[in-house]
Amino acid sequence: MRILVIVHTVSSWGGVQEWALTLIQGLASKGHTVGVIAPTQRLIDEAKEAGARGLRSDLAESDLSECLGWVQESGWDVIVSSPMRSREVSQYLSHETGIPFVATFHGVYSDYVQSWKDEAGALVAVTGLLAKMVHQIGGVPLEQVAVIPNGVPESELARPGVSFEDKMEEGVLRIAMASRLDIDKLKQLEALDNLVTQLSDQGVERVHATIMGDGSGRGYFNSRLRELSERNSGFTYRLSGWLSLPDMLAELEHSTVSLTAGRTALHSLAVGTPVIGVGAREYVGLFVSSHVDAIADSNFGDYFTPQGFESTADLSLLLNPGSYAQLAAQGREWVRQGYTAESMIESFENLLARLV
């Protein structure tokens, strides 16, 4: 198949771009011809490294004629779009060329789906909760919304992992965080502040946080973190900016716990590091076997949890080598069972094949 992916978000990098890159790399590795239109040069460059074609475009109204010409010249069987502006452009290109488009949902927004649902070849949500949202707001029959979860490469599950004893060898509990540094991520700062206090109550005096990411709120994040370090003499931190995937995986693997949501949480579990979920909307606590469905459906706190949900805050599970090893093993097995990139790519292949 000849598959075009169109991506546009308000940030230069984040979970949607990483999702798109994973999709592009996976489809290209399966022998499909893949292209991408996006404003982010990093996404274009990394997609080309995987063998894809790319057009960098801001997707403004003035760019549409160039996009249309490129699409008509290249020839595609199907278009996959991220939400909002990407969907609008994909819908326009589909109308002009007859190429079917697939709209994907990655967050709690309707994207006015009720006004264009009949024009899309297919609708995809990354969790069951988002599928229900599309059904309830857009009036789309639930069976017509495909649920294709995010996934991370199986190769991450093959990494050896690092034991609790080795991670704590220097007496420092290391926390990994990764996200856009923007206003919708402030709950992660609140959760970090609370976690440092709770760890101190448990006798953990030395804590270091590495914050991987960047964004318009970097200065505010830095001031809040500096204030936290002034109140807690044993707390240190580093703002690393965006890291390459190999460097991010190494950071996650050697951290004691990650305080994060979305795809970073999946990466963390895959390499054997437990997750305390906190996203744009909720703090969902420690990822434990009794809570996996609710936490996963909320994308580790980026969306809402079911009524009556109570988070697990038993930090002793993180501080005992035996229970820590059990948490790590359970997380890896959960990813293996349904959240690998390979299963994600296969699901998209099956879906797209029905449209061409």
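Residues numbered from 1 in each chain as written. Predicted model: local features only at pLDDT ≥ 70, side-chain atom pairs only at ≥ 80, totals over all residues. Heavy atoms only, no water.

Student: Would you explain the overall build of the chain in this entry?
Tutor: Within the chain, the regular secondary structure consists of 15 helices and 13 strands. Taken along the three principal axes of its C-alpha coordinates, the chain extends 65 × 35 × 35 Å. By residue count, 56% of the 356 residues in the chain fall in the buried class. Taking the contacts inside the chain whose residues are at least 6 apart along the sequence as the reference set, 64% of them involve residues at least 24 apart. Accessible area for the chain stands at about 14800 Å²; split by element, carbon and sulfur atoms hold 48% of it. Between the centroid of the 27 positive side chains of the chain and the centroid of its 44 negative side chains there is a distance of 2 Å. (Helix = DSSP H or I, 4+ residues; strand = E, 2+ residues; numbered from the N terminus. Buried < 20%, exposed > 50% of the residue type's maximum accessible area, 1.4 Å probe, protein only. Contact = heavy atoms within 4.5 Å. Areas by Shrake-Rupley, 256 points an atom, 1.4 Å probe, with all protein chains shown as cover. Lys, Arg positive; Asp, Glu negative; His and termini not counted. Charge placed at Lys NZ, Arg CZ, Asp CG, Glu CD.)

Student: Would you take a moment to explain the pairing of strand 5 (residues 101–105) for this structure?
Tutor: Put simply, side chains in a regular strand alternate between the two faces of the sheet. Within strand 5, five of the five residues are buried, leaving the element largely enclosed by the surrounding structure. Of the two faces of strand 5, the one lined by Phe 101, Ala 103 and Phe 105 and the one lined by Val 102 and Thr 104 are each fully buried. As paired elements, strand 4 (residues 78–81) and strand 5 share three bridges and run parallel to each other. Residue pairing for strand 5: Val 80 is matched across the bridge by Val 102. This β-α-β element, strand 4 to helix 4 (residues 85–97) to strand 5, shows right-handed connectivity. With four bridges joining them, strand 5 and strand 6 (residues 122–125) adopt parallel strand pairing. (Pairing = 2+ DSSP bridges. Right-handed = clockwise from strand over helix to strand, strands pointing away.)

Student: What is the right way to look at the packing of helix 3 (residues 64–74) against helix 4 in this model?
Tutor: Remark: helix 3 packs on helix 4, axes separated minimally by 11 Å, with the N-to-C direction vectors making an angle of 55°. Between helix 3 and helix 4, the angle falls in the class oblique. As helix 3 runs across helix 4, the sense of the crossing is right-handed. Residues Leu 64, Cys 67, Leu 68, Val 71 and Gln 72 of helix 3 lie in contact with helix 4, whose contacting residues are Arg 85, Val 89, Tyr 92, Leu 93, Glu 96 and Thr 97. (Axes fitted to C-alpha atoms, helices over the stretch in contact; angles between N-to-C directions. Parallel < 35°, antiparallel > 145°, perpendicular 65-115°, else oblique. Left-handed = near helix turned anticlockwise from the far one by under 90°.)

Student: Whenever I open this one, the pattern of salt bridges confuses me. Can you help?
Tutor: Side chains that differ in charge, positive against negative, can pair when their charged atoms come close. Scanning the model with the defined rule gives 17 salt bridges in all. Glu 18 is the salt-bridge partner of Arg 263, the closest N and O atoms lying 3.3 Å from each other. Placement of Arg 263 in helix 11 (residues 262–270) and of Glu 18 in helix 1 (residues 15–29) is noted, with a sequence separation of 245 residues between them. Here the two residues Arg 263 and Glu 18 agree in accessibility, since each one is buried. Close ionic contact of Arg 238 with Glu 251 constitutes a salt bridge, the shortest N to O distance being 3.4 Å. In this pair, Arg 238 sits in strand 10 (residues 235–239) while Glu 251 sits in helix 10 (residues 245–254), placing the two residues 13 residues apart along the sequence. (Salt bridge = Lys/Arg side-chain N within 4 Å of Asp/Glu carboxyl O.)

Student: Whenever I open this one, the sheet that holds strand 8 (residues 173–178) confuses me. Can you help?
Tutor: Backbone-to-backbone hydrogen bonds pair the strands of a sheet. The strands run either parallel or antiparallel. Strands sit in the order 10-9-8-11-12-13 across an open sheet of six strands; the sheet is mixed. A single partner strand is all that each edge strand has here, and the edge strands are strand 10 and strand 13 (283–286). On average, each strand axis in the sheet is tilted by 15° relative to the strand beside it, whichever way the strands run. Across the sheet, helix 10 is in contact with strand 8, strand 9 (207–212), strand 10 and strand 11 (257–260); its angle to strand 9 comes to roughly 160°.

Student: Explain unusual backbone geometry here, please?
Tutor: With the exception of glycine, most residues fall at negative phi, and the peptide bonds are largely trans. The phi dihedral of Asp 111 falls on the positive side, at around 50°, and the residue is not glycine. By secondary structure assignment, the location of Asp 111 is in the loop between strand 5 and helix 5 (113–116). The exposure class assigned to Asp 111 is buried, which follows from its relative accessible area of 5%. Positive phi, normally seen in glycine, also occurs at Tyr 112, with a value near 55°.

Student: I tried to follow the sheet that holds strand 1 (residues 2–6) on my own but got confused; where do I start?
Tutor: Reading across from one edge, 3-2-1-4-5-6-7 is the order of the seven strands in this open sheet, with parallel pairing throughout. Both edges of this open sheet fall to strand 3 (53–56) and strand 7 (145–147), since each of them pairs with a single strand only. Neighbour to neighbour, the strand axes of the sheet diverge by 20° on average, direction disregarded. The strands touched by helix 3 are strand 1, strand 2 (33–38) and strand 3; relative to strand 3, the strand with the most contacts, the crossing angle is about 170°.

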